[in-house]
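Here is what each chain is made of, one letter per residue.
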Amino acid sequence: MHAAGTQARSAVPSQTELSPIWHPSPNFGPRRDSLKPSLIVLHYTAMSSAQAALTRLCDPQYEVSAHYLIGADGTLWHMVQETDRAWHAGAGEWMGQSDINSRSIGIELDNRGDHPFSDPLMTSLEALLPAIMTRWNIPETGIIGHSDMAPGRKIDPGPRFDWLRLERQALAASRGNSAPPQDTSPASFRACTQAAGYTADANDKTLLSTIRLRYRPWATGPLTAEDFIPLIPPTTSA
Ligand SMILES: [Zn+2]
């Protein structure tokens, strides 16, 4: 997606530098209540190939779509105009707000969910995200996974997605790294997750697995103090 030998990660690339392939999907509508995108939702396709996903996302019979699809080789397809409402998020909630489709841009990543995301795909994503964030004035806290807004119902972009790689480039909210709170009860955990945006309905077990999916995918067993750490915003020293 870039000139040979160059890296465009730190720059904000223009749409022309990205050169997405326009491949329109009929599966979209108007954003409700004149809402503008304030979130970007990341998905994996869970399909055998980008071509299969492209066909599915543009088939009126399935009534699913996304604004963008990125192939494992870095190819970027643009299927729904950013001003329109694509059908990728479904039921769920983030920061107390529902109808995520009306509030977001959806990006599908060509990955089955059980293997690493390719470097060309990540590089394209890292060029696309800042362009969208600039156009709609979306902060890095607005970049979320499908699982974050639909806990228990969706697990994509899944345990293999490299959130830390995005965080290092301010393309996702930085996780906390300081001490956990004194109170490490399930009720305290729920309060921490809600403050971080996880307001969708979920029982304690689902909530824990959803947080671990993003921050500690290797973790197993009951809730521990370690599970709180990524959710605690870094404190500013006086
Ligand atoms: Zn999804």
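In this report, the structure presented in the accompanying data block is examined.

About the cut-offs
- By convention here, each chain's residues receive numbers from 1 onward along its written sequence.
- The predicted origin of the model limits local features to residues at a pLDDT of at least 70 and limits the giving and counting of side-chain atom pairs to 80 or more, whereas totals for whole chains, interfaces and linings rest on all residues.
- In computing side-chain values, all of the structure's heavy atoms are included and hydrogens and water are not.
- For Na, K and Ca the donor cutoff is 3.2 Å, while for all other metals N, O and S atoms count as donors only within 2.8 Å; water does not appear among the atoms, so some sites may look incomplete.
- For helices the rule is a DSSP run of H or I covering at least 4 residues; for strands it is a run of E covering at least 2, with both sets numbered from the N terminus onward.
- Residue burial is assigned from relative accessible area. The probe radius is 1.4 Å, only protein chains are included, and a residue is buried under 20% of its type maximum, exposed over 50%, and partly exposed in between.
- In this description, strands pair whenever DSSP reports at least two bridges between them.

### Brief notes about the coordination of the zinc ion
When a metal holds four donors in a tetrahedron, each ideal angle between them is 109.5 degrees; when it holds six in an octahedron, the ideal angles are 90 or 180 degrees.
Here's step 1: For the zinc ion, the full set of protein donor atoms is His 43 (ND1), His 146 (ND1) and Asp 156 (OD), at a range of 2.1 Å.
Here's step 2: Written as a sequence motif, the donor residues of the zinc ion are H-x102-H-x9-D. Here the residue His 43 occupies a position in strand 3 (residues 39-44), and Asp 156 occupies one in the loop between helix 5 (146-149) and helix 6 (163-168), the gap between them amounting to 113 residues. As far as burial versus exposure is concerned, His 43 and Asp 156 are alike and both buried.

### Description of the pairing of strand 3
Here's step 1: Here strand 3 lies mainly inside the structure; 6 of its 6 residues are buried.
Here's step 2: The side-chain alternation of strand 3 yields two buried faces, one formed by Leu 39, Val 41 and His 43 and the other by Ile 40, Leu 42 and Tyr 44.
Here's step 3: Note: strand 3 against strand 7 (residues 104-109), 6 bridges, orientation parallel. If you follow Leu 42 over to strand 7, its bridge partner there is Ile 107.
Here's step 4: Here 3 bridges tie strand 3 to strand 8 (residues 143-145), and the two strands are oriented parallel to one another. Along strand 8, the bridge assignment pairs Leu 42 with Gly 145.

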